[in-house]
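Chain and residue survey
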Amino acid sequence: MNPPVTVELPAHLVEIRQRWLRASREDQDLIYARDFAPDFIPLFRELPLHGWPGDRPRPGFLASVLGLSWQPVALMAAWFAPQHLLLLGTPESLSHQVTGEPVVDLICRLGNVPSDRVVVREITEPEELSIYREVNRFVACHGIGPRDLAIDPTGGKKSMSASAALAGYLTGAWLVYVDYRDYCPRRRIPLPGSEYPRLLHNPLEVFGDSEWQKIRAALNRGGFEEASHLAEELADRLYDYRQAEVWSRLARAFGAWHRFDFPAAYQELKQAVADLSRFGRLAPWPWAGQFLAQLPPRQQALQKLAALAEQHQQNQKPASLGAGLPLVFNHLAAAERALAYQQWGIAILLIYATLERFIDLCLWVEFGLEDENPDYSRVSVDDRQFHQVGRLFHGRQYRPQTLAGPLGLSLGAQLLATLKPEWLPPESLPRIKGLMSVRNRCEFEHGLCPRPPTREDVERNLRLVREILAKALGLETADLEKQLEPYRFPAF
């Protein structure tokens with residue numbers, strides 16, 4: 001860290017300081033208040049906040065602990081120029097006078113804070129609880145948000161300063177301190193003119209790893225809303241909140257994607273990429289570069305999904321198999337996530353829906369059949385072959401049926417295996433029948449007492465759908481995995 005910037009005193013203030021050094025303790029207060037402070041404070045006010053690399057923070061509220069040394073309180077009040085100032089003191093410190101002027105009036109005058117904007121609170125035993133309550137009351141009374149409050153624990157005895165610092169940490173306040181470059185050993189006080197404002201480091205800079213781990217753990221188990229809340233709460237307690245805000249945005253982006261709200265997810269992810277590109281290298285955030293490299297293909301996948309969602313709103317359907325495949329790949333990736341989150345029933349529903357979407361897409365692009373209101377006059381079906389496929393599909397339970405009604409998975413699979421067996425081989429139909437059976441018995445479907453699927457059920461049917469897709473698209477397994485990858489969420 002760079003050395004602190006302090007005021008370079010003009011000659012007349014150096015001379016006043018020399019008089020201060022020769023004076024008695026009582027006269028020192030008078031010299032500082034009457035002769036030194038009026039010309040020193042405007043120079044002190046222009047100093048940067050040591051320890052903070054950003055622009056000057058502008059919280060509108062300041063809470064200071066007042067001890068028998070009133071100078072740091074006046075200096076910090078002048079530096080912040082708060083809308084409202086909370087003074088926390090003991091009966092002794094609050095009743096102190098400097099050559100007949102009450103110390104609170106002196107702080108208001110030198111700090112240029114109107115007296116009607118100063119809240120004075122006498123701290124009672126137990127001191128720490130009294131300070132917590134007064135800070136909490138001050139925050140609630142003025143509706144103070146995170147980063148809009150600074151707490152200065154410079155003055156007061158150690159227990160009061162520690163209590164004020166703890167209150168600041170818990171409220172997400174800036175913790176500031178009037179430090180000094182030079183010390184006067186004879187008087188055991190800072191040398192006038194060597195003071196400077198300093199930011200006390202946030203404990204989360206060292207102890208925050210556990211907070212980040214909670215956010216990442218929530219994301220990796222699918223707790224996107226929880227992760228967003230955790231990141232927002234952490235942002236309220238950090239000085240530099242940008243990293244936590246990026247995590248919150250990432251949680252919202254992938255949470256919206258997980259809910260199939262593609263337009264919202266695309267906008268959130270687009271902004272998260274912009275924030276990572278802008279701030280990640282400057283901060284630096286060690287994880288940013290590697291994570292950012294994973295996002296462009298996912299951003300492109302989301303853009304396709306968002307465009308397809310918009311087309312659907314306008315009652316437009318994909319013009320080709322390739323154009324509609326993102327919807328199929330996205331559902332399959334969602335099924336894989338549900339497996340990873342140990343949500344077996346949801347995984348089975350998503351596997352079922354993946355296959356249904358693929359069959360619907362094939363029948364639409366190849367034959368113009370809509371899933372909800374298909375016009376079967378558009379296709380010429382060999383009845384004998386159609387029923388032969390049906391018997392292979394359903395076995396003894398099959399009852400010859402005419403083509404009518406919406407296209408669900410059962411009718412759609414039978415029709416596609418009849419019309420386009422190279423896309424859906426008839427020999428795969430018994431395994432599809434098994435998928436349908438597992439889905440119908442799961443906790444989200446039929447029956448009074450469900451039979452939840454097992455991990456093995458999910459893994460077996462995932463393999464089935466991957467095989468069907470690879471064969472229909474003429475892809476090797478590795479090539480299918482490559483096309484699926486942009487629809488899978490990164491490891492957080």
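My aim in this report is to walk through the structure given alongside it, one point at a time. What you see is a predicted model; the values in this text were computed from it and never measured.

Focus on helix α1 (residues 11–22)
Here α1 spans 17 Å end to end across 12 residues, near enough to the 16 Å set by a 1.5 Å rise per residue. Those residues of α1 that sit buried are L13, I16, R17 and W20. One side of α1 holds all its buried residues, which, seen down the axis, span an arc of 100 degrees. Exposed positions of α1 whose direction lies more than 90 degrees from the buried face are A11 and R22. In this structure, the buried residues of α1 make contact with α2 (25–45), β8 (183–184) and β9 (189–190).

A closer look at the packing of helix α11 (residues 242–258) against helix α12 (residues 262–279)
Packing of α11 against α12 brings their axes to within 8 Å, and their N-to-C directions diverge by 155 degrees. It follows from the interaxial angle that α11 and α12 lie roughly antiparallel. Here α11 runs over α12; the crossing is left-handed. Residue-level contacts link R242, V246, R249, L250, R252, A253, F254, A256 and W257 of α11 to F262, A264, A265, E268, L269, Q271, A272, D275, L276 and F279 of α12. For the contact of α11 with α12, the per-class residue count stands at 13 nonpolar, 1 polar and 5 charged.

Observations concerning the pairing of strand β6 (residues 149–152)
In β6, alternate side chains face the same way, and those of L149 and I151 on one face and A150 and D152 on the other are all buried. With 4 bridges joining them, strand β1 (residues 61–66) and β6 adopt parallel strand pairing. Bridging from a neighbouring strand, L62 pairs with A150 of β6. As paired elements, β6 and strand β7 (residues 174–180) share 2 bridges and run parallel to each other. The residue of β7 that forms the bridge with A150 is W174.

The rules behind each value
- Residues numbered from 1 in each chain as written.
- Predicted model: local features only at pLDDT ≥ 70, side-chain atom pairs only at ≥ 80, totals over all residues.
- Heavy atoms only, no water.
- Helix = DSSP H or I, 4+ residues; strand = E, 2+ residues; numbered from the N terminus.
- Expected span 1.5 Å × (residues − 1).
- Buried < 20%, exposed > 50% of the residue type's maximum accessible area, 1.4 Å probe, protein only.
- Arc of directions from axis to C-beta.
- Contact = heavy atoms within 4.5 Å.
- Axes fitted to C-alpha atoms, helices over the stretch in contact; angles between N-to-C directions.
- Parallel < 35°, antiparallel > 145°, perpendicular 65-115°, else oblique.
- Left-handed = near helix turned anticlockwise from the far one by under 90°.
- Nonpolar A, V, L, I, M, F, W, Y, C, P; charged D, E, K, R; others polar.
- Pairing = 2+ DSSP bridges.

Any link to function would need more than the numbers given here.
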